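# Observations on the three-dimensional arrangement
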Amino acid sequence: MAVDAGAQFHVLAVDDSLMDRKLIERLLKTSSFHVTTVDSGSKALEVLGLREDQVTPSAVSPEHNEIEVNLVITDYCMPGMTGYDLLKKIKGSSSLKDIPVVVMSSENVPSRINRCLEGGAEEFFLKPVQLSDMKRLRPHILKGRSKDQQLQREENSNTIIISSSSSGSGSGSGGSKRKAMDEEPSPGRTRLRFSAGSLTML
């Protein structure tokens, strides 16, 4: 069951080193993940449907927009856009901010690690990445998915409540509350009632 669920997850791996990309791709595939690899943060944003100067995905690349990315794992040190810059772009996007991001680096720099974690990264892996590290990715993806499902359930629930309260006249306590609200005059209606004569009102 867990393996089947993992096979549905798609990970976007970002690293400017070809050797490191091949390694992470092999480890991810061994762990039953679908993998897309790119060599820069800007290309990662393209896969996500986001340009460097945008905060919401666009329809520039339809073939990329069809890809649902469940997690992004990125190297920290890259020319141009660093892994931290990519992290901030994703977390600053209203549509992508819930995608878990994991940062990797061959340098164990505490300030760098704290910076990424405080910026919204789920994990910070030290290279070389191990197969055991891949097992730590799935809980973050599942947590993100359960959060999305919960939000969707809440939205559906709110829609049902709104539609039921607005359709017809309610019965029971709900109907009584609505009737009481309808009968209670607003300040504007009260002024009209006192300023107009009874014949006019009738």
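Data block above holds the structure.
Only a predicted model underlies this, so the values are computations on that prediction, with no experimental measurement involved.

### Some points on helix H2 (residues 18-30)
- Taking 1.5 Å of rise per residue, the 13 residues of H2 would be expected to cover 18 Å, and the 18 Å separating its terminal C-alpha atoms lies within 8% of that figure.
- Inspection of H2 places Arg21, Ile24, Glu25, Leu27 and Leu28 among the buried residues, and these make up the whole buried set. Taken end-on, H2 shows its buried residues confined to a sector of 165°, consistent with a single buried face. Exposed and oriented more than 90 degrees from the buried face of H2 are Leu18, Met19, Lys22, Arg26 and Thr30.
- Phi turns positive one or two residues past the end of H2, at serine 32, with a value near 70°.

### Let's talk about the sheet that holds strand S5 (residues 123-126)
- With respect to topology, five strands assemble into an open sheet ordered S2-S1-S3-S4-S5, the strand pairing being parallel. Of all strands in the sheet, those bounded by a partner on one side alone are strand S2 (34-38) and S5. Averaged over all neighbouring strand pairs, the angle between strand axes comes to 20°, with direction disregarded.
- Of the strand pairs in this sheet, strand S1 (residues 10-14) and strand S3 (residues 71-75) are connected by four bridges, and their pairing is parallel. Across the sheet, the residue bridging to valine 11 is leucine 71, located in S3.
- Contacting S1, S2, S3 and strand S4 (101-105), H2 crosses the sheet at an angle of about 170° to S2.
- Docked against the sheet, helix H6 (residues 110-118) engages S4 and S5, running at close to 150° with respect to S5.

Each value, and the rule that gives it
- Residues numbered from 1 in each chain as written.
- Predicted model: local features only at pLDDT ≥ 70, side-chain atom pairs only at ≥ 80, totals over all residues.
- Heavy atoms only, no water.
- Helix = DSSP H or I, 4+ residues; strand = E, 2+ residues; numbered from the N terminus.
- Expected span 1.5 Å × (residues − 1).
- Buried < 20%, exposed > 50% of the residue type's maximum accessible area, 1.4 Å probe, protein only.
- Arc of directions from axis to C-beta.
- Pairing = 2+ DSSP bridges.
- Axes fitted to C-alpha atoms, helices over the stretch in contact; angles between N-to-C directions.
- Contact = heavy atoms within 4.5 Å.

Fair warning: the whole summary comes from geometry, so function is off the table for now.
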